[in-house]
Amino acid sequence: MSVMKNRAVLRWLVPVTAGVAVIGGGAAVGTFAAGADPALPPRSAAQLLEDLRTSRLDGLSGTVVQRADLGLPPIAALAGQATGNDLAGLVSGTHTLRVWYGGEDRQRLALVDTLGEQDILRNGRDVWTWNSRENTATHRTLPADAPDRATVPVTPADAADRALEAIDPTTAVTVGRTATVAGRNAYELVLTPRDKASLVHQVRIALDAKEHVPLRLQVLADGQDEPAFQVAFTQVDFRTPEADQFRFNPPPGVKVTEATEDERPGPAGKRFDRKDAEKPDVRTVGTGWTTVVVAKIGDAATGDGAKPGADAPDAQMLAQVLGDLPKVSGDWGSGRLLSGKLFSVLLTDDGRVIAGLVTPERLYEAAKG
């Protein structure tokens, strides 16, 4: 797990945390107060960041529970159907997963529900996806220059990677309370956006006091006391799993599909050629937590007046869901708004998708450009 591999993050954060950070005009806590439970030696935020940077993880296995309450309309199930991937449903509800980590190029994830199991395994350049419900498997060979990072970001360390990569001097970094996660003592590192336009109130990362590996990540929305998103170990073992855990042996009768480098998964198991897909025109506006992504994807992004073919039931479902979103308009134009506790997405009638961890008003400002 590659938490804090990027030294540029430290260049931003350590100067901020070395002194007395300020949140909302009040002094932030630089070390744990006496009497915290469990009792651990005081560590400053800068020291915890250094612990992250220098930590080494050769392997682990465990159970991860992910909870998401993003305040979204029931669109997650549709996303899963449209992509042919049950993992898309992880954006809502509660999910329990088993994970194994044997190095940057050996990972395994098992999502188990009442209807079956879906596994993703990476062993070197080989990546397998298996669906027990349909008894199908897909094999993909990664290019030689494939990045050494988790294939699917589902562990607290994976989530922490992305949170830490996104921050800059607009972030106040402090130390929270001690905690016990998966039966292990942990420190808590707290990231707080300074820009009030961000819908993220805080990101809290619980670090194992001994291994310095993230055990839990919580994202709190502005004005909310309970996490809108949480991923945490409920059981963890820091021993390296056996090599057999990362080998996929197709069960009897399984239908195996060999994916090429030019293909990507499509709806309901269909496949699209990357070379045939148009690359959207994408740009960003702003920095840090209030960065807004603007993508030009074509006309009728909202689904109004969409005419999917008879052979495109997924497109019809998507158009129906988008059509149910509230209409919005202003001096920037018109469109539909998808808003949750942590993010907002604006789909304009002129074919743009504008999204960010920000209030809708910030999206409207970006839509003027």
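Scope of this entry: the structure provided in the associated data block. Treat the numbers as computed from the prediction; the structure is a model and nothing was measured.

One pass over the structure, following the stated rule, counts three aromatic pairs. Ring geometry for tryptophan 130 against phenylalanine 248: centres 6.4 Å apart, planes inclined by 45 degrees, an arrangement best described as tilted. Of the two residues, tryptophan 130 sits in strand E7 (residues 126-131) while phenylalanine 248 sits in the loop between strand E14 (229-237) and strand E15 (255-259), which places them 118 residues apart along the sequence. Of the two residues, tryptophan 130 and phenylalanine 248, neither departs from the other in class, the shared state being buried. Here tryptophan 332 and tyrosine 364 contribute two aromatic rings whose centre-to-centre distance is 5.3 Å and whose plane-to-plane angle is 10 degrees, an arrangement assigned as stacked. A residue pair is termed long-range when its members are at least 10 positions apart, and tryptophan 332 in the loop between strand E20 (327-330) and strand E21 (333-339) and tyrosine 364 in helix H6 (residues 360-368) qualify at 32 residues. Members of the aromatic cluster, each reached through a chain of ring pairs, are Trp128, Trp130 and Phe248. In this structure, arginine 108 is placed above the aromatic ring of tryptophan 100, and the distance from its NZ or CZ to the ring centre is 4.5 Å.

As a further point, take the environment of alanine 159. With respect to the helices and strands, the residue alanine 159 is situated in helix H4 (residues 156-165). Overall, the relative accessible area of 18% leaves alanine 159 in the buried class.

On to the sheet that holds strand E18 (residues 281-285), then. What the six strands build is an open sheet, ordered E18-E19-E23-E22-E21-E20; its pairing is antiparallel. Every interior strand has two partners, whereas the edge strands, E18 and E20, have only one. Averaged over all pairs of adjacent strands, the angle between their axes in this sheet comes to 25 degrees, without regard to strand direction. The pairing of E20 with E21 spans four bridges and is antiparallel. Along E21, the bridge assignment pairs serine 329 with serine 334.

Criteria and thresholds
Residues numbered from 1 in each chain as written. Predicted model: local features only at pLDDT ≥ 70, side-chain atom pairs only at ≥ 80, totals over all residues. Heavy atoms only, no water. Phe/Tyr/Trp six-rings, centres within 6.5 Å; stacked < 30°, edge-to-face > 60°. Helix = DSSP H or I, 4+ residues; strand = E, 2+ residues; numbered from the N terminus. Buried < 20%, exposed > 50% of the residue type's maximum accessible area, 1.4 Å probe, protein only. Lys NZ or Arg CZ within 6 Å of the ring centre and 35° of its normal. Pairing = 2+ DSSP bridges. Axes fitted to C-alpha atoms, helices over the stretch in contact; angles between N-to-C directions.

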